[in-house]
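So the chains spell out like this:
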Amino acid sequence: MTRKVTAVVARTQFGQIVNRAVEHHERFLVERHGEPSVLILSVDDFMTMVEKPPDWLKKSWAGAKRHGLDKL
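Okay, so let's go over this structure. A quick note: this is a predicted structure, and the numbers were derived from the prediction, not measured.

Calculation rules
- Residues numbered from 1 in each chain as written.
- Predicted model: local features only at pLDDT ≥ 70, side-chain atom pairs only at ≥ 80, totals over all residues.
- Heavy atoms only, no water.
- Helix = DSSP H or I, 4+ residues; strand = E, 2+ residues; numbered from the N terminus.
- Expected span 1.5 Å × (residues − 1).
- Salt bridge = Lys/Arg side-chain N within 4 Å of Asp/Glu carboxyl O.
- Buried < 20%, exposed > 50% of the residue type's maximum accessible area, 1.4 Å probe, protein only.

Some remarks on helix H4 (residues 55-66)
Working step 1: For H4, spanning 12 residues, the distance from its first C-alpha to its last is 17 Å, which sits close to the expected 16 Å at 1.5 Å a residue.
Working step 2: In the segment just after H4, Gly68 is the residue with positive phi, at about 75 degrees.

See below:
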């Protein structure tokens, strides 16, 4: 789901927006002066929706998951 937020809200609540993007796979469309300016989404969402992850990244993710480092 994509939510619209103003640039002021994005600036003042950036940490919360990043957490929601990462943990709940939410997207945020940041508007400046009423015009869409920036899209905030997690790297996981970007890699799965926009770009296929390269093999080295898949292996890195698998290794991190095995060692419990995927929660950092």
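A few points about the pattern of salt bridges
It is possible for side chains of opposite charge to pair when their charged atoms get near one another.
Working step 1: Scanning the entire structure with this criterion turns up two salt bridges.
Working step 2: Across the salt bridge formed by Glu26 and Arg3, the nearest N and O atoms sit 2.7 Å from each other. With Glu26 in the loop between helix H2 (14-24) and strand E2 (27-32) and Arg3 in strand E1 (residues 2-6), the pair connects residues that are 23 residues apart, well separated along the chain.
Working step 3: A residue is classified by how much of its surface remains accessible, and Arg3, at 35% relative accessible area, is partly exposed.
Working step 4: Arg20 serves as the salt-bridge partner of Glu26, at 2.9 Å between the closest nitrogen and oxygen.
Working step 5: According to the relative accessible area criterion, Arg20 is partly exposed, its value standing at 32%.
Working step 6: Here the salt bridges do not stand alone but share partners, grouping Arg3, Arg20 and Glu26 into one network.

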